[in-house]
Amino acid sequence: MSKRNTRIDISSLVNKYKSNEEVVSKIEKSLTDLPLLNVDISDVNLSKLYDFKLLSEVKNNLNKEKISSVEPFIAFKENGNYILINNLYRFIFLSKESVIQIYAISLTEEEKIKFIYYYLQKGKYNILFLTHFFLKLNEEGYDDYKIADLLNISISQIRNIKRLEQLDNTVLKALKEDKITYTIARNLINFDKNSQKELLNKILAGNLSNRDVESLRREIKGSSKNIKVELANNKITLIFKNDEEAKKNYQKLLKEYH
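Residues numbered from 1 in each chain as written. Predicted model: local features only at pLDDT ≥ 70, side-chain atom pairs only at ≥ 80, totals over all residues. Heavy atoms only, no water.

**Examining the overall build of the chain**
Working step 1: Helix and strand counts for the chain stand at 13 helices and seven strands.
Working step 2: Sequence-distant contacts in the chain: of pairs separated by 6 or more residues, those separated by 24 or more amount to 63%.
Working step 3: A total of about 16500 Å² of accessible surface is found on the chain, and carbon and sulfur atoms cover 47% of it. (Helix = DSSP H or I, 4+ residues; strand = E, 2+ residues; numbered from the N terminus. Contact = heavy atoms within 4.5 Å. Areas by Shrake-Rupley, 256 points an atom, 1.4 Å probe, with all protein chains shown as cover.)

**Comments concerning the pattern of salt bridges**
Working step 1: All chains considered together, the criterion is met by five salt bridges.
Working step 2: Close ionic contact of Lys179 with Glu177 constitutes a salt bridge, the shortest N to O distance being 3.1 Å.
Working step 3: On the basis of relative accessible area, Lys179 is assigned to the exposed category, the value being 52%.
Working step 4: Each of Asp144, Arg159 and Lys162 takes part in a single network of salt bridges with overlapping partners. (Salt bridge = Lys/Arg side-chain N within 4 Å of Asp/Glu carboxyl O. Buried < 20%, exposed > 50% of the residue type's maximum accessible area, 1.4 Å probe, protein only.)

**What to know about the packing of aromatic side chains**
Working step 1: In the structure shown here, the tally under the stated rule is seven aromatic pairs.
Working step 2: Seen from their ring centres, Tyr118 and Tyr119 are 5.7 Å apart, and the 80 degrees between their planes marks the pair as edge-to-face. Of the two residues, Tyr118 and Tyr119, neither departs from the other in class, the shared state being buried.
Working step 3: One aromatic cluster is present, built from ring pairs that chain together Tyr89, Tyr125 and Phe129.
Working step 4: Above the ring of Phe73, the side-chain terminus of Arg90 is found at 4.6 Å from the ring centroid. (Phe/Tyr/Trp six-rings, centres within 6.5 Å; stacked < 30°, edge-to-face > 60°. Lys NZ or Arg CZ within 6 Å of the ring centre and 35° of its normal.)

**Comments concerning the confidence of the model for the chain**
Working step 1: Across the chain, the average pLDDT comes to 77, with 74% of residues at 70 or higher.
Working step 2: Scored below 50 in pLDDT, residues 1–17 makes two contacts in the model with residues more than four places away or belonging to other chains.
Working step 3: Taken as a whole, residues 223–227 scores under 50 in pLDDT and shows 14 contacts with residues more than four places along the chain or in a different chain. (pLDDT = per-residue confidence, 0-100.)

**What about the nonpolar core?**
Working step 1: Counting residues in hydrophobic clusters, the biggest one holds 71 residues, and the most contacted among them are Phe129, Phe133, Phe134, Leu151, Leu167, Ile180 and Leu188.
Working step 2: In contact with Leu188, not counting residues within four places along its chain, are Leu167, Val171, Gln196, Leu199, Ile203 and Val213. (Core = buried A, V, L, I, M, F, W, Y, C linked by side-chain atoms within 4.5 Å.)

**A look at helix H3 (residues 52–59)**
Working step 1: When H3 is considered as a whole, its buried residues turn out to be Leu54, Leu55 and Val58. Down the axis of H3, the buried set is contained in an arc of 100 degrees. They therefore lie on one face. What points out from H3, more than 90 degrees from its buried face, is the exposed set Phe52 and Lys53. (Arc of directions from axis to C-beta.)

**What about the environment of Tyr117?**
Working step 1: Along the chain, Tyr117 falls in helix H5 (residues 109–122).
Working step 2: The buried category is assigned to Tyr117, whose relative accessible area is 1%.
Working step 3: Remark: the alpha-carbon pair of Tyr117 and Leu151, spanning 34 residues in sequence, is separated by 7.8 Å.

**Topic: the pairing of strand E4 (residues 81–84)**
Working step 1: Where strand E2 (residues 44–46) and E4 come together, three bridges link them in parallel fashion. Pairing of Asn45 across the sheet is with Ile83, part of E4.
Working step 2: Across four bridges, the pairing between strand E3 (residues 73–78) and E4 is antiparallel. Looking across to E4, one finds that Glu78 is bridged to Asn81.
Working step 3: Joining the antiparallel neighbours E3 and E4 is a turn of two residues, in which Asn79 adopts a positive phi near 55 degrees. (Pairing = 2+ DSSP bridges.)

This is the structure in structure tokens:
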């Protein structure tokens, strides 16, 4: 019996799984050719892809020792201003009269996005920065599929992080102050806001573990109704909250795939 031909063309996979670190590497290599500029802080803005409100909220919860770094500021020039794309925590502690040294680099829009994502993911930033980052990208015209393809991350990861904005304000505050983890916060999303606050109090008091919250979450998910939907000759099982939701989405599926 002849062996099945298992040869796979991997050329398409190479581009798909290129690391965002390549952008960082490119930037770091270019820094040796760029002079350090002495720039008045009033000439420096944060990128439009960041969220000013979130920055001001977390500033009060930061410890200066936590953000100490010898890493230089990196920015690009746009409309006469320098747009900062790293070291945000350090920047918000500076006074308006400060002068900073920055590297001004040239980046494409996609390289800028990859670079910001790299720092938010690898740095000391709270997970909520990613929430706002993805939401800002949506506002800039990037849907979740385009973001996933650009940053080589999954759709579910993007949407789970974006869902954090649905949390009750007390839970968001605890997350901003690093009193609870992202995993706990993600599990709490499945509860109504009153339950979120009650569970949070128990968690902070040490009376409820993450495993307990996960068990409660599974109980809620398990109560969802399984409704079988037949499309052509292929049968699949979709999970909906109720019959109304099932009928609504079934019509969409028919238009898309029938």
